[in-house]
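Understanding the architecture of this molecule
Listed here are the chains, written in short residue letters.
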Amino acid sequence: MVQMKLISKRRNGYALLFAASICLAVWLGIAFMTEAVFVLGAISLISLLLLVRQSRLLYDARLIWDNRILVVPSAFIFMPGCQIKKDTYETVVSTFGVLVGSEIYRWGLDGVHGVRLHTVRIDKEWMYLTFGDAAQTMRVELLHGMPQKQAVLDTAQKLLHETGVTADITGW
C-alpha cells in the first residue's frame, strides 16, 4: 500500500506541474512573451507525458494490489546479465504481475504474445517465479515466510486458479 501512495504522490506532483506550466504559458502568451511560451509549452508537454506514464503506473499498481495472491517483505530479481535485490516495504505477487517497491513487472495483460508467468516453484523458504516473453525472461525469488504446508498449498491453489500455472512444491 505504501508503494501506491508514493506513486500517487508523484502523479499528483506531475499533475500540479502540468497545470502550473499551462497556466503560465497562457499568461505569458497573453503578455506576448513568445520565447517563454515555447519553453513553458515544452515543460507542459514533458509534464503531460510524465503524468500519463505515472497514471498508467498507478493503474497497474492498483490492479496488482486488488488482485494480490501473496505479500512478502523483499525480493531478488534476476534478469539476463544482472541481479537486483530489492528490500522494500512489501512485494506483492498478483494475478497480473509483481509489484516490487515502485517497480511493476506485469504478465497476462498483453494478449497471447505478451509477457506470461511460466513457472512457479515453492520450497520451505523461497518462492521462485519465472516470467517473460520471447525476447526476455526474468526470475523473481521471494522469501515467502509461510511456515505451514497448508498455507503453501493454499497459495499454490490460488496461483493455479488465478494464473493457470501449477506450482512445483519441493522440500515439504
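Everything discussed here concerns the structure shown above.
What comes next concerns the included structure. Everything quoted here is computed from the prediction, not taken from an experiment.

A closer look at the packing of aromatic side chains
Scanning the entire structure with this criterion turns up 2 aromatic pairs. Note on Tyr-105 and Phe-131: the rings are 6.3 Å apart at their centroids and 55° apart in plane angle, and the pair reads as tilted. Pair noted here: Tyr-105 is in strand β4 (residues 103-106) and Phe-131 is in strand β6 (residues 126-132), with a separation of 26 residues, a long-range link. Each member of the pair Tyr-105 and Phe-131 is classed as buried. For the ring pair Trp-107 and Phe-131, a centre distance of 5.0 Å and an interplane angle of 55° mean the geometry is tilted. Residue Trp-107 is located in the loop between β4 and β5 (116-122), and its partner Phe-131 is located in strand β6; the two are separated by 24 residues in the primary sequence. Judged by relative accessible area, Trp-107 falls into the buried class, the value being 2%. With relative accessibility at 2%, the residue Phe-131 sits in the buried group. Through pairs of rings, three or more aromatic residues link up here, namely Tyr-105, Trp-107 and Phe-131.

Comments concerning the pattern of salt bridges
For the structure shown, the criterion picks out 2 salt bridges. A salt bridge links Arg-106 to Asp-60, with the shortest nitrogen-to-oxygen separation between them at 3.1 Å. Pair noted here: Arg-106 is in strand β4 and Asp-60 is in helix α2 (residues 34-66), with a separation of 46 residues, a long-range link. The class of Arg-106 is partly exposed, set by a relative accessible area of 24%. With a shortest N-O distance of 2.6 Å, Arg-139 and Glu-141 are connected by a salt bridge. Residue classification places Arg-139 among the partly exposed positions, given a relative accessible area of 32%. Judged by its relative accessible area of 13%, Glu-141 falls in the buried class.

About the cut-offs
- Residues numbered from 1 in each chain as written.
- Predicted model: local features only at pLDDT ≥ 70, side-chain atom pairs only at ≥ 80, totals over all residues.
- Heavy atoms only, no water.
- Phe/Tyr/Trp six-rings, centres within 6.5 Å; stacked < 30°, edge-to-face > 60°.
- Helix = DSSP H or I, 4+ residues; strand = E, 2+ residues; numbered from the N terminus.
- Buried < 20%, exposed > 50% of the residue type's maximum accessible area, 1.4 Å probe, protein only.
- Salt bridge = Lys/Arg side-chain N within 4 Å of Asp/Glu carboxyl O.

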